[in-house]
Amino acid sequence: MDFAYELLWLLTVIIEGISGQGVYAPPTVRIMHSGQACNIEELRYSERVYTIREGETLELICLVTGHPRPQIRWTKTAGSASDRFQDSSVFNEILRIVKIQRHQGGRYYCKADNGLGSPAIWSIRVDVYYLDDPIVTVHQSIGEAKEQFYFERTVFLRCVALSNPPVRYTWKRGQDILLQGSDKGVEIYEPFFTQGETKILKLKNLRPQDYANYTCIASVRNVCNIPDKMVSFRLSNRTASPSIKLLVDDPIVVNPGEAITLVCVTTGGEPTPTLTWVKTNGMLPKKAVLNGGTLTIPAVTSEDAGIYNCIANNNVGNPAKKSTTIIVRALKKGRFWITPDPYHKDDNIQIGREVKISCQVEAVPSEELVFIWFKNGRPLKTSERMVITQTDPDVSPGTTNLDIIDLKFTDFGTYTCVASLKGGGISDVSIDVNISTSTVPPNLTVPKEKSPMVVQEGDTVDLQCLVSGKPKPIILWSRADKEVPMPDGFMQTESFDGILRITNVSREMTGTYRCQTSQFNGFNVKSREALVQLIVQYPPTVEPIFMEIRQGYGRSVTMTCKVLRAYPNRVLTYEWKLGNKVVRKGQFDSQDTTEYTVNNLQPENYGTYNCNIINEAGAGRCTFLVTGKAYPPEFYYDTYNPLWLNRPRTYTYSLQWTQMNPNAVDRILSYRLRYKEGSLQRWWEHNINVNEIIQKGELITHNLTELIKDQTYEVRLTPITRFGEGDTASRIIKYSAPINPHLREFRCGFEDDNICMFTQDKTDNFDWTKQSAATRTSLFTPNTGPVTDNSGTKYGFFMYIETSRPREEGEKARLLSPLFNVAPKNPYGATNTAYCLEFYYHMCGKHIDTLNVYLQLKGQTTLDSPVWTLSGNQGSQWNHANVSIQPTTSFQIIFEGVRGKGMEGDIAIDDISIVEGECKRKDQPDNNPRSSADRILTHLRLYPVIYLTSMLTHRR
C-alpha cells in the first residue's frame, strides 16, 4: 500500500504541473549525513543528534528543493567562539570537517533561500565524543606535609579525565576493585561542583594497608569504540609534595648576545617531580633549549627579557614554583632639545641670558645610566655658570640637563652628552649640540607649488614642508581636517627631511595635512606649523553597471546612466556608443544623469550600449544590453520523480520549466524543443504550442518518452513570440533510478556526478575510478580495460580499477553502494524478501586477478565470503552477471577489485541493478523486450493514470 500511496501522490503532483497550476516554489530543506557517525539519534522530527568520535571526518549534506534553485548557507552555533568557520560561512551543499575536534561540536544550521517566502532552515546537533588520559592528584586534609604523609592523616586521591559523554571512574587498590562501603577506611564520592569530571578516593586516618598501588580507570562505556584509559599511583610513607630551589641570581642582568643558563633543582618530593620552565606573559624563546630543570637561552636579545618561572609537579599537593627576572641591558633613542632662557620665554639664544641643553636616552636598567658632558671634546664639571643635573623631575627618566647661566661669547661651541651603563659591555650613546651665533629657532613654510597638491587615485604623492633654522628639528605630520590616522595607521608620522610620501593614494586621503616642528633635536619653543592641501581626483562612479533591457518591436526603450560621485564633478562629459559607433555625446551642466532613447526598436537597434562618463581622472561606464528576444525559460531542477519506467530498456522524463518574465517582450506563442542522445549528432525537434497567456511562475510540463536507459540527453528549449525566437535554455537529462523508502528497484549506469551515491571504502588500498572511453587519456595501459561502456558508446561512463604503478599485487579497491532499506516482512510469510543483483563486468588483460561482490548487512563490521566471485582474463567484451540475495535487514553491496601481478589487470563494472524478486533463469523469456520504435514526443496527460492502474493491478 505504501507504493500505491507514493504513486497517487506522484500523480497529483504531475497533474497539477500539467494543468498549469504549478508556481515558483519556496524552499524546503533537510540534512543528511555521509561521514563517520557513531550514532544518529532521532530526538524529534526537526532535529537529529549526530555523534562522532574526535579525529573522524564530519560530512553533512544539505538537500533542498524549491524553484528557482535556492542558495544554501551553513552556519553554526553552540560552539567555541574560535570556531565559526573562520568567521565565514559555507555556501555549498556539503559541509566537510576533516579530523573534527571537540570544540567543533554544536548545532549546525543549513539555510536555503530563493527569495520566495521565508528561508527554510534545518538544524542538526553534532556531538563530538572523546576521552583524555586520566590524571591522579594527591592531597592531605591537614595542610600540606612538608616531607612525607604521616599516619593519622586523611588523604584524598582525586582522579580527573576530560570526556564526552561523562566519564565513569573505577578505583582499584592493587588488583582489588574498591567500592563504596567495602572498606570502612575508604570513601568514594564526587564533589558536586565537578559535574562528573572528578572521582575522589578518600583514605580516612591513613593506615599501613593504605600504602599501596592505586589505579583509576576512566571509561565512557566504549561509545564510538573509545577504549577505557587508566593511570596508576603508588602511595607510600615517603609520598611528599615537591620543593625546589633556583641556582641563579634574581634578577639576572646580561648584555645582548650573551648566553644564559637557568638551573632549577628539586629538594624534595615523592614521586620524583617533573621540572619545567615557563615565561610570564609570553612563550619561551624559540631558540631556548629546555632540559628538565635547565633552561639555556643562547645569544639573548631584549625580546627575551621578562620573568621566568620554574614549576615542579608530581601530582602530590600543589606544584612548587620559583621565579627569576632576566634584564637585558640596552641604550637607545638618544635625543636633545635646546631651551633658550626658560625665565624670559625667549625664542632666540641671547648673550647674557640663560640656555638649557637637555639630553635624553632610554636605558635598561635605568639605575645604571650615567651621563658625562663635554665641551669641544673636554670634560665639563658643574660650576657656578654651568650646572649639570643628572635627572629632571619634570621630564621622563633618563634625562640630563646642562644649564649655561649668563651666556658669554666664549661659551659658543659644541657640547656633547655621552650616556653609558655602569656595567659596561654596551656601546655608549653620544649626542652633539652646537651653540653658536647661527643657532636659531626653526621656521616652517610650504612651497607655493606644493599646496594644493592635485593627484589622481592610485598615484604616489610627496607632501613637502620646508624647515629652516639650526639645528633642524624632526617634523611631525598629522591630519588637520579630521581626527583620523595617517596613511601608515598612526596618528602622527615623523619625517626628518620634511617630506611625507603617500603611495597608492585613495579618495579617502583627500584633505588638509598639518606639518609641525617637534621639540626633539631642535628648539624647545612653541611649535611652528604649516598646512598642505591634498586633492585626490577619481573617475566617476555610475549606475547601473549593467542592465539587460528586453522590449518588443516598435516600442521605445530609454536607458539612463546616473553619476553617483566623481571628482572633479563639474567637468563631466558623456558619450553613448552602440558597439563601436558613437550615437550621442555631450557635457553635463547641473544634472547628474544622461539618457538615450530608442523610439522604434528594430533588430538593427539590438546590441550593447555603453555610456562612458568622463572626467580628468578617467571614465565610468554604464552598460545596457538591448534586445527584442524573449527571456530564456528556466528549467525546474527539482521535478518530483521525473523518471517513469516504460519497459526494461526505456524511460520517460517529465521535463518541467517556468518562463522568465513571460510578458516582457510579447506573448509566448510556442516553444521549439530540440534534443539529442549523448554523442550522436542527430537532433530531434518538436514544436510545443502555447494556447494561453503564460503566467509568471506557471509550471509547464512536457514528457520525453522512449528514452534509452542509462543514456544522457542534451535538451534545448527556445521560446517563440511573433517577433521571432527568444533566448535558448539548455540542460542535460541523466538517467537516475528512483530510490523509494523501501527498495523496489535500483539502477545505476554511473552517468551522474554522484555515481548513484556509491562511495569509496576508506579502509582499502586504493579507489575505483569513474571513466568514459571518450575522456580516457591516451597514455592508458594497452591490452586491458574497456574501450566503451556497456551500451557501446565511448561517451558513457563506467567504474574501473587502474592497476598501473604505484599499485602492487594483492592490493584491493572497494566500492560501496548506498544503504538500502529492505521491504517490510510479510507477516503471513515465512521467508524474507529476495532481490536480484545484476551487473556487467569487463575483465580483459593477462594480469587480471579477481572481482568479488559482497553483501554487507547493517551493523556487520567484517566481510564474509563473497556472494559472487570471478578471476582471470574473461575476454575483451562486457559480460553479464546476476545473483539472488536475501538480506534480512538494511544492506549494502560491495564491489571489490583485486590487483594482479602486473599493470594489464584493469577490471571494470557498469549498469548495476537491484530489483525485487529472484533472478530469472537463463531459459526464462523476457516479457518486456526492448522496443525498436522510433523515439517520439508527446504532451502526456493520461499516461500517469494508465501507469498507476497497471502498477496497482500488478501489485494485486
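Anything mentioned here points back to the structure above.
Rules behind the numbers
- Per chain, residues are indexed from 1 in the order of the written sequence.
- With pLDDT at 70 or above as the cut-off, local features in this predicted model cover only qualifying residues; side-chain atom pairs require 80 or more to be listed or tallied, and sums for whole chains, interfaces and linings still use all residues.
- Side-chain numbers here rest on the full set of heavy atoms in the structure, without hydrogens or water.
- Strands are runs of DSSP state E lasting at least 2 residues, helices are runs of H or I lasting at least 4, and numbering of each runs from the N terminus.
- Exposure is judged per residue with a 1.4 Å probe applied to protein chains only, and the accessible area is read against the type maximum: over 50% gives exposed, under 20% gives buried, and values in between give partly exposed.
- Only heavy atoms matter for contacts: two residues are in contact if any of them lie within 4.5 Å across the pair.
- Each accessible area is a Shrake-Rupley result for a 1.4 Å probe, and residues are judged covered by the shown protein chains and nothing else.
- Any two cysteine sulfur atoms within 2.5 Å of one another count as a disulfide.
- Here, nonpolar core means buried Ala, Val, Leu, Ile, Met, Phe, Trp, Tyr and Cys residues that are tied together by side-chain atoms lying within 4.5 Å of each other.
- Note on ring pairs: Phe, Tyr and Trp rings are taken, using the six-membered ring of Trp, and paired if centres are within 6.5 Å. Classes follow the plane angle, with under 30 degrees stacked, over 60 edge-to-face and the rest tilted.
- To sit over a ring, a charge needs its Lys NZ or Arg CZ within 6 Å of the ring centre and within 35 degrees of the ring normal.
- Two strands are counted as paired when DSSP detects at least two bridges linking them.
- Axis lines are fitted through C-alpha atoms, for helices just across the contact stretch, and the angle between N-to-C directions can take any value from 0 to 180 degrees.
- For this document, the term salt bridge refers to a Lys or Arg side-chain nitrogen within 4 Å of an Asp or Glu carboxyl oxygen.

**Q** I'd like a rundown of the overall build of the chain, residues and numbers included.
**A** Summing up its helical and strand segments, the chain has two helices and 71 strands in all. Burial statistics for the chain: of 956 residues in total, 46% are counted as buried. Here the analysis covers contacts within the chain between residues at least 6 apart in sequence; of these, 69% occur between residues at least 24 apart. As displayed, the chain has an accessible area near 49300 Å², and 49% of this comes from carbon and sulfur atoms.

**Q** Which residues make up the state of the cysteines, and what values do they have?
**A** Here the structure, examined in full by the defined rule, presents eight disulfides. Across the disulfide from C264 sits C310; the S-S distance is 2.1 Å. With the S-S bond torsion at -80°, the cross-link from C264 to C310 turns out left-handed. Of this pair, C264 sits in strand β20 (residues 260–270) while C310 sits in strand β24 (residues 306–313), and the two are 46 residues apart along the sequence. Given a relative accessible area of 3%, C264 falls into the buried group. Put simply, C836 and C919 are joined by a disulfide, and their sulfur atoms are 2.0 Å apart.

**Q** So what's going on with the nonpolar core? Which residues, and what values?
**A** F750, F758, W768, F839, L851, F895 and I909 are the most contacted members of the largest nonpolar core, which has 33 residues in total. Among the secondary structure elements, those contributing two or more residues to this core are β60 (745–748), β63 (797–801), β64 (812–816), β65 (835–843), β66 (850–857), β68 (879–885), β69 (891–898) and β70 (907–916). With five residues, β65 is the single largest residue contributor to this core. With residues up to four places along the chain from it excluded, the contact list for I909 reads F750, W768, F798, M799, L815, Y840, Y841, L851, W878 and F895. Counting residues in each nonpolar core, the second largest holds 30 residues, with L369, I404, Y415 and L421 among its members.

**Q** Got a sec to walk through the packing of aromatic side chains? Specific residues and values, please.
**A** For any pair of aromatic rings, the description consists of the separation of the ring centres together with the inter-plane angle of the planes. One pass over the structure, following the stated rule, counts 20 aromatic pairs. An angle of 45° between the planes, with centres 6.0 Å apart, marks the rings of Y835 and F891 as tilted. In this pair, Y835 is assigned in strand β65 and F891 in strand β69, connecting sequence segments 56 residues apart. By the burial criterion, Y835 is buried, and F891 matches it. Among the aromatic residues, those joined into a ring-pair cluster are W576, Y596, Y609 and F624. Looking at R550, its charged tip hangs above the ring of Y631, at a distance of 4.4 Å from the centre.

**Q** Could you give me a rundown of the sheet that holds strand β17 (residues 229–234), with the residues and numbers involved?
**A** The strand order across the open sheet formed by four strands is β13-β12-β16-β17, and the pairing between neighbours is antiparallel. Edge positions in the sheet fall to β13 (176–178) and β17, since each of these pairs with one other strand and no more. Each neighbouring strand pair of the sheet contributes to a mean axis angle of 30°, computed without reference to strand direction. Pairing analysis gives three bridges linking strand β12 (residues 168–173) to β13, with the strands arranged antiparallel. Residue pairing across strands places W171 opposite L178, the latter belonging to β13.

**Q** Which residues make up the pattern of salt bridges, and what are the values?
**A** This structure, assessed with the given rule, holds 32 salt bridges. Close ionic contact of E368 with R329 constitutes a salt bridge, the shortest N to O distance being 2.7 Å. Placement of E368 in the loop between β27 (355–364) and β28 (369–375) and of R329 in the loop between β25 (320–328) and β26 (330–340) is noted, with a sequence separation of 39 residues between them. A relative accessible area of 17% means that E368 is categorised as buried. A salt bridge links E685 to R674, with the nearest nitrogen and oxygen atoms 3.3 Å apart. Taken together, the positions of E685 in strand β55 (residues 684–689) and R674 in strand β54 (residues 670–677) put the pair eleven residues apart, joining distant regions of the chain. On the accessibility criterion, E685 (52% relative accessible area) is exposed. Under the relative-accessibility criterion, R674 is labelled partly exposed at 26%. Residues joined by salt bridges that share partners form a network here, namely R173, D183, R207 and D210.

Read these as spatial facts, not as claims about activity.
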